[in-house]
Amino acid sequence: MFKSKKLSILLIVFVITITIFAQGPKNVIFLIGDGMGLAHVTLTDFVFGDLNMMKMPYTGFASTYSNSNTITDSAAAGTALSTGFKTDNGMIGMTPDKKPAETLLEKGIKLGKKTGMVTTTAITHATPACFTAHVEKRYFQRDIAEQQAKSDLNVLFGGGKKYMEKNYDSAKKHGFEIVNTSKELMNAHSDKVMGIFAKDHMNYSLDRTSDEPSLALMTRKAIELLSKDNDKGFFLVVEGGRIDHAAHSNDPIGVIYDTKAFDKAVGEAMSYANLNKDTLVVVTADHETGGLGLGRKGYNIYPAKFKGFKAIPDTIVSKIKNDCSNMEQILEEYTTYKMSDFDKKELAAFKKARLAAKPSAYSQGGYATVKFVDMINDLAGIDWTTGDHSACMVPVMSYGMNAEDFEGFMDNTQIPVKIMNAVTEE
Ligand SMILES: [Zn+2]
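Residues numbered from 1 in each chain as written. Predicted model: local features only at pLDDT ≥ 70, side-chain atom pairs only at ≥ 80, totals over all residues. Heavy atoms only, no water.

The protein chain is annotated in an unreviewed UniProt entry as Alkaline phosphatase of Muiribacterium halophilum. Recorded in UniProt under Sequence similarities (unreviewed entry), the annotation for the protein chain is "Belongs to the alkaline phosphatase family." (UniProt positions renumbered as here; feature names shortened; annotations may be inferred.)

Spelled out as structure tokens, the structure:
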């Protein structure tokens, strides 16, 4: 009698164990480095080393072409990653025939999960929009903001006050607590929190102000809010959105420091997954930006001096007076280069550009920034093929429960399908 009771308890424990392990992950943290190709990761590893994403046990590669183009934009790429459908460049959360496609976060909501979207760009920008809205054109940012404010999401963190501000009342009506600074974010505790921390995009991580939370902090806070009193689990999407912008400017400094900041957010996700084994962490990029090439002449690259920059090149150039009289001092203060490091001809061209440079909407340093990053790229022995995106495959790295599903070659549209298959596994 005693023996069989013990046996039946053992059997129950065994069955419970099997049931737990037969089920897929309860929580999914999906992190996207916008424009973060393999060369961007490699360069960041050369400079800083010890990247969390490189400690992930499973790796793969994803193709990124869109329905309309061999080179995708962030809208079509984001739609592929959020819905599993190829669409045309420019379209957000819709198939090419303009039908809304259900996103990963909407599927999560249907499963009773809490959901969140975190980014360093404006929250209405292409990648976050693809997970939280459905519009025909990526520049319909007013419509995107309207949809987000009315959504059932629990967490929405990023920039983009200029689009979202008009919807604050609507957001409050739909239950959102709204926070605008790092400090307010730390104290937030509601079931729905909207954090808007910049007028447009948040600053590059090197130029971050104390009012702006880092991507890692936003990720940690999002996980804290989403996992609190929650037995159904959560879906969280995190974007390192400005790696792409730096790469569009062919600026290796912005790229590596924002990739490093993104990697710290990856570290937050991995720490949570370490303590909560029913968590899947997937890291990828939506596409490669810049056609970054790690080699320009000879058999060495020299990016060691990138460590020690105090601001991104565009900010540095904007601090250099038009007549360049303070250039040596600014270089000393913000970089690890000296005037004498630069090629004389190149330096003369830079000075000429600085004299003529007027700030533009995208660049405080104007054309002089282009010349400046050119000099840095040259010294480091690296180069870029384009100011746009490239068609190259991107890395996929995974960690935690069902991470093995993301090994090998895949198309970007398979990633959300694999995530949903893992989560709904019986
Ligand atoms: Zn881009």
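So that's the structure; there's more coming.
Quick look at helix H6 (residues 141-149) now. Of the positions making up H6, those classed as buried are Gln141, Ile144, Ala145, Gln148 and Ala149. Viewed end-on, H6 has its buried residues packed into an arc of 130°, placing them on one side of the element. Contacts from the buried residues of H6 go to helix H5 (126-132), strand S4 (155-159), helix H7 (161-164), helix H8 (168-173) and strand S6 (193-196). (Buried < 20%, exposed > 50% of the residue type's maximum accessible area, 1.4 Å probe, protein only. Helix = DSSP H or I, 4+ residues; strand = E, 2+ residues; numbered from the N terminus. Arc of directions from axis to C-beta. Contact = heavy atoms within 4.5 Å.)

On the surface, Glu404, Glu407, Glu425 and Glu426 cluster together into a negatively charged patch. Secondary-structure assignment places Glu426 in the segment after helix H17 (414-423). Since its relative accessible area comes to 81%, Glu426 is described here as exposed. (Patch = residues over 30% accessible without salt bridge, like charges linked within 9 Å, V, L, I, M, F, W, Y side chains within 5 Å. Areas by Shrake-Rupley, 256 points an atom, 1.4 Å probe, with all protein chains shown as cover. Salt bridge = Lys/Arg side-chain N within 4 Å of Asp/Glu carboxyl O. Lys, Arg positive; Asp, Glu negative; His and termini not counted. Charge placed at Lys NZ, Arg CZ, Asp CG, Glu CD.)

Another point: the side chain of Ser63. Here Ser63 shows up in strand S2 (residues 58-63). Among the residues examined, Ser63 registers a relative accessible area of 15% and is labelled buried. What Ser63 contacts, discounting residues up to four positions off in sequence, is Lys86, Met393, Met410, Asp411 and Asn412.

Attention now goes to the packing of aromatic side chains. Each aromatic ring pair is specified by the distance between its two centres and by the angle formed by the two planes. Tallied over the entire structure, the rule returns ten aromatic pairs. Taken together through their ring pairs, the aromatic side chains of Phe309, Tyr337, Phe342, Phe350 and Phe372 make up a single cluster. Geometry around Tyr65 places Lys86 over its ring, the cationic atom sitting 3.7 Å from the centre. In this structure, Lys192 packs its charged tip against the face of Phe176, placed 4.4 Å from the ring centre. (Phe/Tyr/Trp six-rings, centres within 6.5 Å; stacked < 30°, edge-to-face > 60°. Lys NZ or Arg CZ within 6 Å of the ring centre and 35° of its normal.)

For the rest of this paragraph, the subject is the coordination of the zinc ion. Looking at the metal site, the zinc ion is ligated by Asp244 (OD), Asp244 (OD), His248 (NE2) and His389 (NE2), spaced 2.1 to 2.3 Å from it. Around the zinc ion, the four donor atoms are arranged such that angles at the metal cover 56 to 154°; this shape is classified as irregular. Each donor residue of the zinc ion lies on the same chain, and together they follow the pattern D-x3-H-x140-H. A residue pair is termed long-range when its members are at least 10 positions apart, and His248 in helix H11 (residues 243-248) and His389 in strand S12 (residues 389-390) qualify at 141 residues. Take His389: its relative accessible area is 11%, and that puts it in the buried class. (Donors = N, O, S within 2.8 Å, 3.2 Å for Na, K, Ca; no water. Tetrahedral: all angles 85-135°; square planar, octahedral: opposite > 155°, others 65-115°.)

Turning to the pairing of strand S8 (residues 279-285), a few remarks are in order. One face of the sheet, then the other: side chains in a regular strand alternate in exactly this way. Taken across its seven residues, S8 has seven buried, putting it largely inside the fold. Side chains Thr279, Val281, Val283 and Ala285 project from S8 onto one buried face, and the interleaved Leu280, Val282 and Thr284 project onto a second face that is buried too. Where strand S1 (residues 27-33) meets S8, seven bridges bridge the pair, whose relative direction is parallel. Bridging from a neighbouring strand, Gly33 pairs with Ala285 of S8. Across five bridges, the pairing between S8 and strand S13 (residues 394-400) is antiparallel. Bridged to Val283 within S13 is Met397. (Pairing = 2+ DSSP bridges.)

Split into domains, the protein chain comes out as domain 1 (25-290 + 397-423) and domain 2 (304-381). Put simply, the middle of domain 1 and the middle of domain 2, counted by C-alpha atoms, are 32 Å apart. The interface is formed by 14 residues belonging to domain 1 together with twelve residues belonging to domain 2. Buried surface at the junction of domain 1 and domain 2, summed over both partners, amounts to about 1100 Å²; 68% is from carbon and sulfur atoms. (Domains from an automatic or database assignment. Buried area = accessible area lost by both parts, 1.4 Å probe.)

With that settled, the discussion passes to the environment of Trp384. With respect to the helices and strands, the residue Trp384 is situated in strand S11 (residues 383-384). We classify Trp384 as buried; its relative accessible area is 9%. As for Trp384 and Val282, which are separated by 102 residues in sequence, their C-alpha atoms are 27 Å apart. Leave out the neighbours within four places in its chain, and Trp384 touches His40, Ala247, Asn250, Asp251, Pro252, Val255, Thr289, Gly290, Gly291, Leu292 and Asn377.

With that out of the way, let us pick up the sheet that holds strand S7 (residues 234-240). Reading across the sheet, the ten strands line up as S5-S6-S4-S3-S7-S1-S8-S13-S2-S14 and stay open at both edges, with mixed pairing between neighbours. Both edges of this open sheet fall to strand S5 (177-179) and strand S14 (408-411), since each of them pairs with a single strand only. On average, each strand axis in the sheet is inclined to that of its neighbour by 15°, with strand direction left out of account. Pairing between S4 and S6: four bridges, direction parallel. The partner of Phe157 across the bridge, within S6, is Gly195. Its contacts with the sheet put helix H10 (residues 215-227) on S1, strand S3 (114-122), S4, S6 and S7, and the angle it makes with S7 is roughly 170°. (Axes fitted to C-alpha atoms, helices over the stretch in contact; angles between N-to-C directions.)

This part covers the environment of Ala129. For Ala129, the location among the structural elements is in helix H5. Once the C-alpha coordinates of Ala129 and Gly78 are considered, the two residues, 51 residues apart in sequence, prove to be 8.2 Å apart. Look past the residues within four positions of Ala129 in its chain and what remains in contact with it is Ile92, Ile123, Thr124, Ile144 and Gln148.

Below, the discussion takes up the nonpolar core. Soluble globular proteins tend to pack their nonpolar side chains together in the buried interior. One finds Phe30, Leu31, Phe157, Phe306, Ile415 and Ile419 to be the most contacted residues of the largest nonpolar core, which totals 112 residues. If you tally residues by element for this core, the top one is helix H12 (residues 252-275), at eleven residues. Both of domain 1 (25-290 + 397-423) and domain 2 (304-381) provide at least three residues apiece to this core. Membership of the second largest hydrophobic core comes to eight residues, among which are Ala75, Ala126, Ala129 and Cys130. (Core = buried A, V, L, I, M, F, W, Y, C linked by side-chain atoms within 4.5 Å.)

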